[in-house]
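# Analysis of the macromolecular model
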Amino acid sequence: MILTLEVLQARLRSLLNDKKFLLVLDDVWNENQAKWVGLRNLLRSTDGFSPSKIIVTTRSLNVASIMSSIPPYILKGLPLEDCLTLFTKWAFNDGDQTHYSNLIRIGEEIVKKCKGVPLAVRTLGSLLFQKTDESDWIYIRDQTEIWRLEQHENDILPVLKLSYNHLPSHLQRCLAFLSLYRKDEMYYSDKVIRLWMANGLLEHPKQNQEWEDVGKRHLNELLSRCLIQKERDFGLYFTFKMHDLVHDLALDVSQKECKIVNSETETVDENVRHLLLCDDKLVKVPHVLEEMKNVRTIIIHDVLVESKTFHESVINLCVSNFKYLRALELWGSPSTALPNSIGTLKHLRDLDLGGCRSIRELPRSFDKLRSLQSLNLGYTGLQQLPDCVQRLIELRHLVITIKATHLKEIRAGCWTSLQYLVLYECKELECLPEGMQYLKSLRTLVLCFCTKLVSLPRSLKFLTKLEHLAIGCCVQINLKMEAEEEEDKDLHNYELCVVQSCPFYQHGY
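These figures come from a predicted structure and were not determined experimentally.

Attention shifts here to the packing of helix α9 (residues 169–177) against helix α11 (residues 211–224). At a closest axis distance of 11 Å, the pairing of α9 and α11 adopts a crossing angle of 85°. Classified by the angle between their axes, α9 and α11 sit roughly perpendicular to one another. The segment α9 lies against α11, with His-170, Leu-171, Cys-174 and Leu-175 engaging His-218, Glu-221 and Leu-222.

What follows is the structure in structure tokens.
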């Protein structure tokens, strides 16, 4: 017999009427407040439920804030000793562990990998149940992609995938992209957002929203669902990490689109779109990359800076093979110049040349990178910012290091989309460029280690969208702007932050 909702509600009232009850709602994902209010009103109609209690468990802080009348209790990881006890219970029959001290030692290393997550401890313990061969335990300990092993419905993979399946599609894409980084990597929110933007992974902005705002919202949603954990907040950006098992989940659901390449890489799936090259033993481009055509992201990380030939080979490979490249990160490259053919990368949106101190000029074709949204020229050897950069009208994020005393005047119509401008270690710079008032979209201006900068132009007051002005280690700067007109006094609309040290963009901008 199929009962209507009204009949079910009436039966529930009759069962609970005048009774004190404890109701446990486990693993709640509903974020529709109206549904919760309806259930709450139904329960109250039994007798107000003042002496009764409701416990809700959820992985979503959004659910907790909607349903809770008190602050949520955030569960911490299980202590290591308790994790070992739980692991032993699942890995051995009662008392058998005393016969296998060698396995217990390996088991301790496995448990540490679980970082206090009981479900992970139980899953790995059960995988090793009744396996007494030391090689099986070492395999689990050294396994980086846990779900290559056979999984069952109640194990960690289905449970983690349940969290993933409840994400909207745009968050699924963003989470999967994070598998491009190595485990235990420190993520930087601003860099992640720019890579998401470059690859078109973000949900389309709503009215009066910018793409960067959407990226921040996506990160906050992943934080609220406990899929990433914030490490430190720097104000303009924050750092975060991802649990190893969540990283494995992201790698699994990325459908082989992300690949970390090192000196031992022999094969790369044809579906790979995003590559991280990271190994100080890499001295030449792996041959397997030469056959690829559809790469969208290239990041070079922890490769020997002395390997100039390797870096230049990567750049040439990008130009010749990866015509649809969206993001190229060459931070710290020893290359002395970019090839003029880089202008053929019509789809490039994010170019990171930070730390490329040997690059002293940009190629003539640079202004053909018309899709470029983010450009990092911090810590480079540029003497002056070339005119071609001003012709990149889609730029939204720009970091500059130059050796000149003045920046060239900003012309009307240039950089009309620019949101973030960072002047970093411009040690000879004495003043900001003329034409700052044309940066109508500018929201954040960061000045760091510009030790000869003495003043701020009055034109800053005409930047009506400016929200953050951060100044660090600019020891000679006079924060009193040039003489102001009486009618300009009400134009201050930004938050000023002055610091002695300069944490902004120390991670490579």
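Take unusual backbone geometry next. Not every positive phi belongs to a glycine, and Asp-27 is a case in point at roughly 60°. Inspection of the secondary structure assignment puts Asp-27 in the loop between β1 (22–25) and α2 (33–47).

Let us now look at the packing of aromatic side chains. Summed over all chains, the structure comprises 10 aromatic pairs. The interplanar angle of 20° and the centroid separation of 6.1 Å between the aromatic rings of Phe-92 and Tyr-100 together place this pair among those described as stacked. A cation sits over an aromatic face here: Arg-122 above Trp-90, 5.1 Å from the ring centre. Positioned above the aromatic ring of Phe-238, the side-chain terminus of Lys-230 is 4.6 Å from the ring centre.

On to the sheet that holds strand β3 (residues 187–188). Across the sheet, three strands lie side by side as β3-β5-β4; this open sheet has antiparallel pairing. For this open sheet the edge positions go to β3 and β4 (229–233), each flanked by a neighbour on one side alone.

In this section: a nonpolar patch on the surface. On the surface, a nonpolar cluster with roughly 280 Å² of combined accessible area is contributed by Leu-22, Val-24 and Ile-55. Turning to its location among the elements, Ile-55 is positioned in strand β2 (residues 53–56). Note on Ile-55: relative accessible area 42%, which makes it partly exposed.

Time to look at the side chain of Ser-189. Here Ser-189 lies in helix α10 (residues 189–198). Setting aside anything within four residues of it in sequence, one finds Ser-189 in contact with Leu-219, Tyr-237, Phe-238 and Phe-240.

Of all hydrophobic cores here, the largest spans 70 residues; its most connected members are Ile-298, Phe-366, Leu-375, Val-389, Leu-421, Leu-423 and Leu-445. Filtering out sequence-adjacent residues up to four positions away, Ile-298 remains in contact with Leu-275, Val-314, Cys-318, Phe-322, Leu-325, Ala-327, Leu-328 and Glu-329. Counting residues in hydrophobic clusters, the runner-up holds 55 residues, among them Ala-91, Leu-180, Val-192 and Leu-227.

Here we come to the pattern of salt bridges. Applying the stated criterion across every chain, the model contains 20 salt bridges. With a closest N to O distance of 2.7 Å, Lys-183 and Asp-248 form a salt bridge. Of this pair, Lys-183 sits in the loop between α9 and β3 while Asp-248 sits in helix α12 (residues 244–253), and the two are 65 residues apart along the sequence. Judged by its relative accessible area of 26%, Lys-183 is partly exposed.

Turning our attention to the packing of helix α4 (residues 80–91) against helix α5 (residues 101–114). Relative orientation and spacing of two packed helices are given, respectively, by the angle between their axes and the distance between those axes. Contact pair α4 / α5: the axes reach a minimum separation of 10 Å and the direction vectors enclose 120°. By the angle between their directions, the pair α4 and α5 is classed as oblique. Every pair of crossing elements has a handedness; the one defined by α4 and α5 is right-handed. In this structure, α4 contributes Leu-80, Cys-83, Leu-84, Phe-87 and Thr-88 to the contact, and α5 contributes Ile-104, Gly-107, Glu-108, Ile-110, Val-111 and Lys-112. Residue composition of the contact of α4 with α5, grouped by class: seven nonpolar, two polar and two charged.

What counts, and where the lines are drawn
- Residues numbered from 1 in each chain as written.
- Predicted model: local features only at pLDDT ≥ 70, side-chain atom pairs only at ≥ 80, totals over all residues.
- Heavy atoms only, no water.
- Axes fitted to C-alpha atoms, helices over the stretch in contact; angles between N-to-C directions.
- Helix = DSSP H or I, 4+ residues; strand = E, 2+ residues; numbered from the N terminus.
- Parallel < 35°, antiparallel > 145°, perpendicular 65-115°, else oblique.
- Contact = heavy atoms within 4.5 Å.
- Phe/Tyr/Trp six-rings, centres within 6.5 Å; stacked < 30°, edge-to-face > 60°.
- Lys NZ or Arg CZ within 6 Å of the ring centre and 35° of its normal.
- Pairing = 2+ DSSP bridges.
- Patch = residues over 30% accessible without salt bridge, like charges linked within 9 Å, V, L, I, M, F, W, Y side chains within 5 Å.
- Areas by Shrake-Rupley, 256 points an atom, 1.4 Å probe, with all protein chains shown as cover.
- Salt bridge = Lys/Arg side-chain N within 4 Å of Asp/Glu carboxyl O.
- Buried < 20%, exposed > 50% of the residue type's maximum accessible area, 1.4 Å probe, protein only.
- Core = buried A, V, L, I, M, F, W, Y, C linked by side-chain atoms within 4.5 Å.
- Left-handed = near helix turned anticlockwise from the far one by under 90°.
- Nonpolar A, V, L, I, M, F, W, Y, C, P; charged D, E, K, R; others polar.

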